[in-house]
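What follows is the residue order along each chain.
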Amino acid sequence: MASPDASAAEFDIIFAGGGTAAGVAAGRLAAADPTLRILLIETGPHTKQDLAHVQPARFFSHLLPDTITAKHVVSRPSEHLDGRQLVVQTGHCVGGGSSVNFTMYTRPAASDYDDWAKVYKNHGWSFDELLPLIRKVEKFQALPGKPTHGYDGALKASYGGYRVSVGQEYLDVVAKYDKARTFVEDANSMVDDVNHYQASDNSALSRQRIRHAEHRRVWPKWIDEETGRRSDVPHHFLYDKTPHNKNLQIVVGSTVKRVIIENGRAVGVEYVDNPRIKADADKTVRTARATRLVVVSAGTFGSPAILERSGIGAREVLARYGIEQVVDLPGVGENYNDHPTLFVPFLGAEGTVTLTNIMRGDQEEITMGEGRQGPYGDEWCRCRLQVPPNPDELKDIGPDFIKRWESFFAPSPDKAIGTLAVLAIYVSASLPIPEQPCFSTGGFLYYPEGVGSVHISSAEDVHAPPDFDSGVMSTCGDIAVLRHMYKRSREVGRRMASYRGEYVAGHPKFPEGSAAAVSAGPVAPVAVDAQDIVYTAEDDRAIDEHIKAHVITVWHSLGTCAMKPREEGGVVDSRLNVYGVQGLKVADMSIAPENMGTNTYSPALTIGEKAAVIIAEELGIVGV
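Residues numbered from 1 in each chain as written. Predicted model: local features only at pLDDT ≥ 70, side-chain atom pairs only at ≥ 80, totals over all residues. Heavy atoms only, no water.

Colleague: In this structure, what is going on with the overall build of the protein? I would like to understand it.
Modeller: Along its length, the protein carries 16 helices and 23 strands. With 624 residues in all, the protein has 63% of them scored as buried. Sequence-distant contacts, at least 24 apart, represent 72% of the contacts inside the protein between residues at least 6 apart. (Helix = DSSP H or I, 4+ residues; strand = E, 2+ residues; numbered from the N terminus. Buried < 20%, exposed > 50% of the residue type's maximum accessible area, 1.4 Å probe, protein only. Contact = heavy atoms within 4.5 Å.)

Structure representation (structure tokens):
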């Protein structure tokens, strides 16, 4: 798909980045006013009708070291990870994360948005004010008649079309092992959905007397139930418009270097070729002019970099690279947030159906998976639990977490500390894939205390690796919660029917003679009512060391251009305006002022919808 040359043109609006939020906002504005001249400049490639993007389970391809559709961002060596460098993936193509993510349909707690409005003083961003936009974007195929869901939107969410047995086994176990928590029909209502399992089948629903029991229950995904295709942004907001709307242009393989600011106003951008995408890339700096607005939308890593190269940021960062400061905004690049994760791998019984072979690139299974009823209908994650701990679990987590619990979680009962899940795949960033079927249980933290930062490392080289401090596991409380999640996930996994042992390399190295020693197998699962493993203080230290060696994130990066008061480190106001510059906004997950209890696709869509409304109001456009 050819990319037009925008360097000689003038536009009304330029989006510096073509990810999820930008795609929604641009698509809405273009539909409302086809005469509006809109340019999206995306550093990655097109995704139109590419099977790697439209078939959900092909997300594995975007994690490979040589991928051009995602960018691997490497952190500084971290003292909190014993000197290890963390690698975080981020979307690097049209549609951003919507085109490469795991398609998990999750939505934040209502209090997350209410905090944006109340704690961070962002008028218009409360849950009640955003709910119409949250509903507007989706067509919820999973359950009918739910008041917080939408049924007329472009993006379809369903239960997918493929099933694997380990998901049902997980539910069978937790129904007996964790009797204090029930199954819920809709774990994504946003208002009453924590501390319950998302139920998966008629029997589980019947036990809990949940209505609509004729529907099978798995965790919903951003997948069209009729076609099995990914519900991404570009195919639903952009590619359906570009053939007949010549005023909506998408330039790919080009990275925005900086915003051009004249007399305190943004009037355009400079951009350069991305040699990872363009074989004929050169070093020419091209210019595109904007008569009405520039929207920086390059994501949590890209947006603060564009602002800093434009002279917007902390004086000491800019001075380090000889950049003249235009606006003093020390919050740019700070407040980096993510969701740390650790999964526990188990060896499965012969014949256990997983997606492990697809991870290995098995062409036979890849071919089999094409279509709604194959693995690309995506049933790799079947059940999740958004969990606040009960008193016994709080005791197990220990004193390092209590202060955080009392100050942050207890006042907001709809906030979970994290999510627990079973995956029909093997999960690890640093270990080889086992040769036999493998499944994983585990989870990630929603609101870790540890935060980091991301800043430029060059004024001129837009492709230079950033100066990235992940902040992951930088507090004892975060380690304590993830330690508890390891123990809990291991207990469930070793009770599942397909369990035949533990993949030793994916577990802690417990002291010799420890009761927590790993069972390499082949062994049978333990009874559901078997005693839990008893861990000593020395065992806990072994788990902590394992966490430091193997924790990764689930690539839910946010927060580096926070929407909050300027005096509190904010970068944009509640109208998405960058402080100190006219005609310049930021619209992507970087504006989130704090972490959120969700995968980031849903809030990125909401930010895109809100951005479209704000821009339309300011430019006098109706019908958005």
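That covers the picture; the talk isn't over yet.
Colleague: Looking at this structure, I do not really get the pattern of salt bridges. What am I missing?
Modeller: One side chain can pair with another of opposite charge once the charged atoms of both are near each other. Throughout the structure, instances matching the rule amount to 30 salt bridges. The partner of K241 in a salt bridge is D240, with the nearest N and O atoms 3.4 Å apart. The buried category is assigned to K241, whose relative accessible area is 13%. Under the relative-accessibility criterion, D240 is labelled partly exposed at 38%. The partner of E545 in a salt bridge is K548, with the nearest N and O atoms 3.8 Å apart. Note that E545 and K548 are positioned in helix α15 (residues 537-550) at a spacing of three residues, about one turn of the helix. You can call E545 partly exposed: its relative accessible area is 42%. Looking at K548, the relative accessible area reads 19%, which means it is buried. Look at the salt bridges and you will find they share partners, linking D178, R181, E393 and R488 into a network. (Salt bridge = Lys/Arg side-chain N within 4 Å of Asp/Glu carboxyl O.)

Colleague: So what exactly am I meant to see when it comes to the layout of surface pockets here?
Modeller: Rolling a probe over the atoms, with the probe sized like a water molecule, indicates the empty space that remains. Space inside the second largest pocket adds up to approximately 410 Å³. When contributions to the lining of the second largest pocket are tallied by element, the ones reaching two or more residues are α12 (391-397) and α14 (476-493). Looking at the lining of the second largest pocket residue by residue, the classes come out as four nonpolar, two polar and ten charged. (1 Å grid on protein atoms, 1.4 Å probe; cavity = no way out; pocket = protein on both sides within 12 Å on 5 of 7 lines; lining within 4 Å. Points joined across faces, edges and corners; volume = space filled by probe spheres on them. Nonpolar A, V, L, I, M, F, W, Y, C, P; charged D, E, K, R; others polar.)

Colleague: I'm lost on the packing of aromatic side chains in this one. Help?
Modeller: Within a pair of aromatic rings, the relevant descriptors are the distance that separates the centres and the angle that separates the planes. The final tally for this structure, using the stated rule, is 22 aromatic pairs. With a centroid separation of 4.9 Å and an interplanar angle of 75 degrees, the aromatic rings of Y336 and F468 are classed as edge-to-face. Of this pair, Y336 sits in the loop between β14 (327-328) and β15 (340-348) while F468 sits in strand β20 (residues 467-469), placing them 132 residues apart in sequence. According to the relative accessible area criterion, Y336 is buried, its value standing at 1%. When its relative accessible area of 0% is taken as the criterion, F468 is described as buried. (Phe/Tyr/Trp six-rings, centres within 6.5 Å; stacked < 30°, edge-to-face > 60°.)

Colleague: Would you explain empty space enclosed by the protein in this entry?
Modeller: In the structure shown here, the tally under the stated rule is five cavities of 30 Å³ or more. Along the walls of the second largest cavity sit F401, R404, F409, I417, L445, Y447, P448, E449, G477, D478 and V481, which together make up its complete lining. Listed by contribution, the elements that provide at least two residues to the lining of the second largest cavity are α13 (402-409) and α14. For the lining of the second largest cavity, the leading source of residues is α14, giving three residues. Of the residues assigned to the lining of the second largest cavity, the class counts are seven nonpolar, one polar and three charged.

Colleague: It is not clear to me how the packing of helix α4 (residues 127-136) against helix α16 (residues 601-619) should be interpreted in this structure. Could you clarify?
Modeller: Two quantities define a packed helix pair, namely the angle between the axes and the distance from one axis to the other. Axis separation between α4 and α16 bottoms out at 9 Å; the angle between their running directions is 110 degrees. Our classification of the angle between α4 and α16 gives roughly perpendicular. Both α4 and α16 take part in a crossing whose hand is right-handed. Side by side, α4 and α16 meet where L130, L133, I134 and K136 of the first sit next to T606, E609, K610 and V613 of the second. (Axes fitted to C-alpha atoms, helices over the stretch in contact; angles between N-to-C directions. Parallel < 35°, antiparallel > 145°, perpendicular 65-115°, else oblique. Left-handed = near helix turned anticlockwise from the far one by under 90°.)

Colleague: Quick question: what am I supposed to make of the side chain of R181 here?
Modeller: Structurally, R181 is set in the loop between α5 (165-177) and β7 (182-184). R181 sits in the buried class, given a relative accessible area of 5%. Only 3.1 Å separates the side chain of R181 from the side chain of D178, close enough to count as a polar contact. (Polar contact = N/O pair within 3.5 Å; in protein donor to acceptor, adjacent residues only side chain to side chain.)

Colleague: Looking at this structure, how should I read α16?
Modeller: Since the α-helix packs 3.6 residues into each turn, any two residues three or four apart lie on the same face. Taking 1.5 Å per residue as the helical rise, α16 with its 19 residues ought to reach 27 Å, and the 27 Å between its terminal C-alpha atoms agrees with that figure. Of all 19 residues that make up α16, 16 are buried, and the element is covered over most of its length. Backbone geometry just after α16 places G620 at a positive phi near 75 degrees. (Expected span 1.5 Å × (residues − 1).)

Colleague: Whenever I open this one, the environment of W219 confuses me. Can you help?
Modeller: Mapping W219 onto the fold places it in the loop between α6 (202-208) and α7 (234-238). Residues W219 and A142, spaced 77 residues apart in sequence, show a C-alpha to C-alpha distance of 9.2 Å.

Colleague: Please explain the pairing of β15 as it appears in this structure.
Modeller: The two faces of the sheet receive side chains in turn, since in a regular strand these alternate between them. In terms of residue burial, β15 counts as a mostly covered element, since nine of its nine residues are buried. Of the strand pairs in this sheet, β15 and strand β22 (residues 552-553) are connected by two bridges, and their pairing is antiparallel. Residue pairing across strands places T341 opposite I552, the latter belonging to β22. Judged from the seven bridges that link them, β15 and strand β18 (residues 438-445) form a sheet pairing that is antiparallel. If you follow T341 over to β18, its bridge partner there is F444. The sheet contact formed by β15 and strand β21 (residues 499-502) spans two bridges and is antiparallel. Note on β21: the bridge partner recorded for F346 is E502. (Pairing = 2+ DSSP bridges.)

Colleague: Help me out: how do you make sense of the environment of A21 in this one?
Modeller: Position of A21 relative to the elements: it lies in helix α1 (residues 20-32). Spatially, the C-alpha atoms of A21 and L605 are 5.6 Å apart, while their sequence positions differ by 584 residues. Excluding anything up to four places from it in sequence, A21 contacts A587, D588, A604, I607 and G608.

Colleague: Even after reading the chapter, I still don't get the nonpolar core, so can you show me in this structure?
Modeller: Side chains of a nonpolar character, in soluble globular proteins, are inclined to be buried together. With 75 residues, the main nonpolar core has F15, L307 and L584 as its most contacted residues. Sort the elements by how many residues they give to this core and α16 lands first, with eight residues. Residues contacting L584, with those up to four places away along its chain left out, are V259, A266, L293, V294, V296, L307, I312, L576, N577 and V578. In terms of nonpolar packing, the next biggest core, distinct from the first, is built from 55 residues, V422, Y447, V481 and Y486 among them. (Core = buried A, V, L, I, M, F, W, Y, C linked by side-chain atoms within 4.5 Å.)

Colleague: Help me out: how do you make sense of the side chain of H235 in this one?
Modeller: If you trace the backbone, H235 turns up in helix α7. Of the residues examined, H235 reaches a relative accessible area of 14% and is grouped as buried. Engagement of the side chain of H235 in a polar contact is seen with the backbone nitrogen of Q49, the distance being 2.8 Å. Here H235 is in contact with T47, K48, Q49, V54, R229 and D240, once residues within four sequence places are set aside.

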